[in-house]
Amino acid sequence: MSDVADRVKKIVVEHLGVEADKVTEAASFIDDLGADSLDTVELVMAFEEEFGVEIPDDAAEKILTVADAINFIGANSK
Amino acid sequence: MRRVVITGLGLVTPLGANVETAWANILASRSGAGPITRFDASNQACRIACEVKAGDGTGMTFDANSRVDYKVQRQVDPFIVYGIDAAGQAIEDAGLTDMTEEERFRAGCSIGSGIGGLPGIEIESIVLHEKGPRRVSPHFVHGRLINLISGQVSIKYGLMGPNHAVVTACSTGAHAIGDAARMIALDDADVMLAGGSESALCPLGIAGFAQARALSTAFNDTPERASRPYDKDRDGFVMGEGAGVVVLEEYERAKKRGAKIYGEVIGYGLTGDAYHVTAPHPEGSGAFRSMQMALRKAGLNPEDIDYINAHGTSTPMGDELELGAVKRLFGSAIDNVSMSSTKSAIGHLLGGAGAVEAIFCLLALRDQVAPPTLNLDNPSEACVGVDLVPHVAKQRRIRAVLNNSFGFGGTNATLVMRGV
């Protein structure tokens, strides 16, 4: 699980250009990390690539925080 | 009509990513050409280009981080990054980064490109074919569109006046400046960031221009010798990349705030060949009428022009046709003109060329020096008798300058500028 968390955080840092210590599990992509709606689409694509999961649009809409992403991937990746 | 002056300059070129470095290297007769390093060009007919070198911003290098946000850099094609940086340099140079909201309502952007985000289109097309539509970047469209330099710059600096982008192939930069100057003259705006940018340095771009038989292919082993306008051995242009942006400002406003004034846009000509999509008119009639119109608007005669920055791309046909048109228009006044092609040093910046070269014209005015035409070892016969400033820069009196740009589609633009 912590491996998933680290990899998620690394992707967020790379895509949004934010300091690593700001990427807490509670951080909201839009409210705390400066993402806009298209950035979140790109993040979801990057999670899909990295973890080999498919994140359908209705599930992606519910991934609002770093923890949401970690939990979804933890529950759905093989 | 209101008068329009230039109060800020910005350059990203293969010979330096700021105005003074690029200009010093131009005057020192340096070439920005080299083997293509951006991608593997080993299977291309043309394997050379004038690339902007990424680095920390010192020497000839360009540091994207100095003016372009990290996220924007990730999302957009290089031509937009270069354009934002050149625009930033220009607005800083003009001292206009702290305009009031009222002033910013009257400040706009007219920064174009000839081709736009071709490298990104090429890459994303491969993604689409290999991985499917759900892997195409959500930033694909707005990271490639030509008007997104103007879009990004307007957001970054809060410019809420006209937001425009010219697309006229290799005359884009000149048209962008000419059109924006009119917007100020006609009272649509008081300040305009105007210019052009290009980076089509990708396998598809090089292959496409090579297949159109436009690129030099005979100098792959000696790249710095390939761009040789007016020389007998010229065989096509060398692709460059980069951007040029100027701040245009209404004259009374600029004077009132004590701005540094590089020159005044006094003439603008624009015509069409109505002849062929890539070949210039065999008598250079579009070029002739474009220059004639610009001089008429400027209220000048040919003998008032001291320096011409030619389109002069180093293609076998184009150089002589332009020169023929200049000779016909200038008559005996040709004896006192210096005319050179700075494409011999930085290659052809396509949609950026006209703006970058307009800046070189303004610097020629400022420093009273004509930049050189490199590699002009053996002028072809039609070029004899004209001062094409071979090899080395030439100190001389320069009162007014004329800048030509011509593009695919038979589009022509001429700017005439002089000191204030």
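If you're wondering where the values come from, they're calculated on a predicted model, not measured in any experiment.

Novice: Mind showing me how you'd approach the overall build of chain A here?
Specialist: If you tally the helices and strands in chain A, you get four helices and zero strands. Counting helices and strands in the order they occur from the N terminus, chain A gives α-α-α-α. Taken along its principal axes, the extent of the C-alpha atoms in chain A is 30 × 25 × 20 Å. The buried share of chain A, reckoned over its 78 residues, is 46%. Expressed as a percentage of contacts within chain A between residues at least 6 apart in sequence, the contacts between residues at least 24 apart total 56%. Here chain A displays about 4,200 Å² of accessible surface, and carbon together with sulfur accounts for 50% of that area. Counting 6 positive and 19 negative side-chain charges, chain A places the averaged centre of each group 6 Å from the other.

Novice: Even after reading the chapter, I still don't get the nonpolar core, so can you show me in this structure?
Specialist: Nonpolar side chains in soluble globular proteins tend to be buried together. Residues and elements named next belong to chain B. Ranked by size, the top nonpolar core spans 48 residues in total, and within it I6, L9, I177, V246, L248, F360 and M417 carry the most contacts. Ranked by residues supplied to this core, first place goes to helix α13 (residues 353–367) with 11 residues. Ignoring any residue separated from it by four or fewer positions in sequence, one finds L9 in contact with V19, Q89, A90, D93, V245, V246, Y262, I359, L362 and L363.

Novice: In this structure, what is going on with the pairing of strand β7 (residues 242–250) of chain B? I would like to understand it.
Specialist: Residues in a regular strand point their side chains to alternate faces of the sheet. Residues and elements named next belong to chain B. In terms of burial, β7 is a largely internal element, nine of the nine residues being buried. Residues of β7 alternate between two faces, with G242, G244, V246, L248 and E250 on one and A243, V245, V247 and E249 on the opposite face, all of them buried. By the bridge criterion, eight bridges tie strand β1 (residues 4–12) to β7 in an arrangement that is antiparallel. Residue pairing in the sheet places G8 in a bridge with V247 of β7. Where strand β6 (residues 191–198) and β7 come together, eight bridges link them in antiparallel fashion. Among the inter-strand pairings, S197 is bridged to a residue of β7, identified as A243.

Novice: For this particular structure, what's the right way to read the pattern of salt bridges?
Specialist: Pairs can form between side chains of opposite charge once their charged atoms are near each other. With the rule as written, the count across this model stands at 34 salt bridges over all chains. Note that D93 of chain B is salt-bridged to K260 of chain B, the shortest N-O span being 2.6 Å. One end of the pair, D93 of chain B, is in helix α3 (residues 78–93); the other, K260 of chain B, is in the loop between α9 (251–256) and β8 (263–272), with 167 residues separating them in the sequence. Taken together, the salt bridges that share partners define one network made up of E48, E49 and D57 of chain A together with K131, R134 and R135 of chain B.

Novice: I would appreciate a short explanation of the interface of chain A and chain B in the present structure.
Specialist: By a widely used convention, the size of an interface equals the accessible area lost when the partners come together. Taken residue by residue, the interface counts 17 residues in chain A and 12 residues in chain B. Summing the contributions of chain A and of chain B, the shared interface buries around 1,200 Å²; its carbon and sulfur component is 42%. Summed over the three residues of chain A that lose the most area to chain B, namely L38, M45 and E49 of chain A, the buried surface amounts to 37% of that side. Inspection of the chain A/chain B interface yields seven salt bridges. Two residues, R135 of chain B and E48 of chain A, come together in a salt bridge whose shortest N-O distance is 2.9 Å. The interface formed by chain A and chain B includes 12 residue pairs in polar contact (both at pLDDT 80 or more). Listing elements by their share of the side of chain A that touches chain B, those giving two or more residues are α1 (2–16) and α2 (37–51) of chain A. Sort the elements by how many residues they give to the side of chain A that touches chain B and α2 of chain A lands first, with seven residues. Split by residue class, the side of chain A that touches chain B holds seven nonpolar, three polar and seven charged.

Novice: What is the right way to read the sheet that holds β6 of chain B from this model?
Specialist: All names here are of chain B. Within the open sheet, the 10 strands sit side by side as β5-β4-β6-β7-β1-β8-β14-β13-β9-β10. Their pairing is mixed. Sheet topology places β5 (163–164) and β10 (338–340) at the edges, where each strand pairs with a single neighbour. Here strand β4 (residues 107–112) pairs with β6 via six bridges, running parallel. Looking at the pairing, G108 lines up with M192 of β6. In this fold helix α10 (residues 285–298) packs onto β8, β13 (400–407) and β14 (411–418), with an angle of close to 145° to the strand it touches most, β8. Against the sheet, helix α11 (residues 316–330) engages β9 (307–309), β10 and β13, with an angle of about 140° to β13.

How each quantity is defined
- Residues numbered from 1 in each chain as written.
- Chains lettered and ligands numbered in written order.
- Predicted model: local features only at pLDDT ≥ 70, side-chain atom pairs only at ≥ 80, totals over all residues.
- Heavy atoms only, no water.
- Helix = DSSP H or I, 4+ residues; strand = E, 2+ residues; numbered from the N terminus.
- Buried < 20%, exposed > 50% of the residue type's maximum accessible area, 1.4 Å probe, protein only.
- Contact = heavy atoms within 4.5 Å.
- Areas by Shrake-Rupley, 256 points an atom, 1.4 Å probe, with all protein chains shown as cover.
- Lys, Arg positive; Asp, Glu negative; His and termini not counted.
- Charge placed at Lys NZ, Arg CZ, Asp CG, Glu CD.
- Core = buried A, V, L, I, M, F, W, Y, C linked by side-chain atoms within 4.5 Å.
- Pairing = 2+ DSSP bridges.
- Salt bridge = Lys/Arg side-chain N within 4 Å of Asp/Glu carboxyl O.
- Buried area = accessible area lost by both parts, 1.4 Å probe.
- Polar contact = N/O pair within 3.5 Å; in protein donor to acceptor, adjacent residues only side chain to side chain.
- Nonpolar A, V, L, I, M, F, W, Y, C, P; charged D, E, K, R; others polar.
- Axes fitted to C-alpha atoms, helices over the stretch in contact; angles between N-to-C directions.

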